[in-house]
Amino acid sequence: MTKAKSKRILQIILFVGTISSLYFVPWPILKAWLTPLPKTVQEQVDKGSVYGFDGIIVYVDKKDNTPEFFTSGYKNRENKVPADPKSLFKIASVSKLYTALAITKLVYTKQLSLDKTLADYFPELVGRIENTDKITLRMMVQHRSGIPNYTDTKNYWVHPKQNDKERLELVLDEPANFEPNEKFQYSNTNYLLLSELIERVSGVPRFAYIKENILAPLHLNNTYGSILEVNADDVMSGYYVGYENDLKMDDNGVMLATAEDLGTFIRALNNGSAFKNKQEEEIYSSLYEFEHTGLIPGYQTIAKYHKDIDAVIIQFTNTVDFDGYNWSLSEIMYNRIVKIVSKKN
């Protein structure tokens, strides 16, 4: 084979390889990332449908400014009801912030000890969950317990369980993912058990404790413990790509809130007003986060405080696809909104 012919074959192989690789390029993400940044938050939010979201709500609270709301798309796509900034939204794992704060308050009043073990608080789980004598309350709050995550069980979201007892049973008698405190690994099972612990210690349902000790002092009247506690018409519909039905009535065991209520809570958590005093704040600071994201079928939440611009920004999007670029696009949307708010600052 001549040198020229060999070179030509190599060029063809490289060309074919390049063309083939283009198939794996995440074009929707690349396009969203490279598009010039709009001048206003509303212009960015209006791109929600381009990103694949049926509806979006954004709340921006800059210090010394009146909070602003931005929406596009639908609250309910079947009936073409426009997105409503006052809609209730399933905040999914953002609920963990409230649970961690409730645990903090019970530790502060000495009703709980961070150094006591799972075996101390749940003796009936000895032999059903590995390492109950080594897993401390602190490890559970910080996702360092090694307890398997029930939502990671096979096909969980195809047939989700309807109550915490059924959810916990999915991981009973299963091997630990790792030795306690060996590393961090997010596990919803930790917070399922923490919610039960709040009830055992306080003598009231978890949300009743949260409502009395967290929500009421902050005057948060539009935060709820379950879809079963609210008027369904007040809730933003949720959708999964490729599935036509509205998912809002699915009882996932998560809290609901308006963007404003959640934003007020995030600011209170970050400025210290969610705590009784500095000691309680220090306990929380040693345990958990001051911001969170949430993701369940139909509902994506990003809730963060941005210290550099002294702003709380909440984003709700109501279309989910675990197998696609959906979450990445929601993050790109959020980060672009933060940039726009920063530039205005």
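Here the residue index of a chain counts from 1 through its sequence in written order. Note on the predicted model: pLDDT of at least 70 is required for a residue's local features to be given, and 80 or more for side-chain atom pairs to be given and counted; whole-chain, interface and lining totals, by contrast, use all residues. Derived side-chain values reflect all non-hydrogen atoms in the structure, with water molecules and hydrogen atoms excluded from consideration.

**Section: the environment of Tyr191**
Our working rule: Only DSSP runs of H or I reaching four residues or more are called helices, and only runs of E reaching two or more are called strands; each is numbered from the N terminus. Only protein chains enter the accessibility calculation, which uses a 1.4 Å probe. A residue is then buried if its area is under 20% of the maximum for its type, exposed if over 50%, and partly exposed in between. Should any heavy atoms of two residues lie within 4.5 Å, those residues are considered in contact.
Residue placement: Tyr191 occurs in helix 8 (residues 188-202). Classification of Tyr191 as buried rests on a relative accessible area of 4%. Through-space distance from the C-alpha of Tyr191 to that of Leu97 is 10 Å; in sequence the pair is 94 residues apart. With sequence-adjacent residues up to four places away left out, Tyr191 is seen in contact with Lys96, Thr99, Ala100, Met140, Val141, His143 and Tyr288.

**Description of the confidence of the model for the chain**
What counts, and what does not: In predicted models, pLDDT denotes the confidence assigned by the predictor to each residue on a 0 to 100 scale.
For the chain, per-residue confidence averages 93 on the pLDDT scale, and residues scoring 70 or more make up 92% of the total. Across residues 12-23 the pLDDT falls below 50, and counting only partners more than four positions away or on other chains, this stretch makes 1 contact in the model.

**Focus: the packing of aromatic side chains**
Our working definition: Two rings belonging to Phe, Tyr or Trp (six-membered ring only in the last case) form a pair when the distance between their centres is within 6.5 Å. Interplanar angles under 30 degrees mark stacking, angles over 60 mark edge-to-face geometry, and anything in between is tilted.
According to the stated counting rule, one finds 12 aromatic pairs in the structure shown. Between Phe89 and Tyr299 the ring centres are 4.9 Å apart and the planes differ by 75 degrees, which places this aromatic pair in the edge-to-face class. Here Tyr299 lies in strand 9 (residues 299-306) and Phe89 lies in strand 4 (residues 89-90), a separation of 210 residues in the sequence. Looking at Tyr299, the relative accessible area reads 0%, which means it is buried. Aromatic side chains Phe89 and Phe316 sit 4.3 Å apart centroid to centroid with 0 degrees between the ring planes, which places their arrangement in the stacked category. With Phe89 in strand 4 and Phe316 in strand 10 (residues 311-317), the pair connects residues that are 227 residues apart, well separated along the chain. On the accessibility criterion, Phe89 (0% relative accessible area) is buried. You can call Phe316 buried: its relative accessible area is 0%. Within the aromatic cluster, the residues linked to one another by ring pairs are Tyr150, Tyr156, Trp157, Tyr240 and Phe322.

**Focus: the pairing of strand 8 (residues 292-296)**
This is how it is decided: Being paired, for any two strands, means DSSP has found at least two bridges between them.
Burial along strand 8 is one-sided: His292, Gly294 and Ile296 are buried, while Thr293 and Leu295, pointing the other way, are not. Summarising the sheet, strand 8 and strand 9 pair through 5 bridges and their orientation is antiparallel. Counted as the bridge partner of Leu295 is Gln300 from strand 9. A loop of 2 residues connects strand 8 with strand 9, the two strands running antiparallel in sequence, and Gly298 in this loop sits at a positive phi of about 95 degrees.

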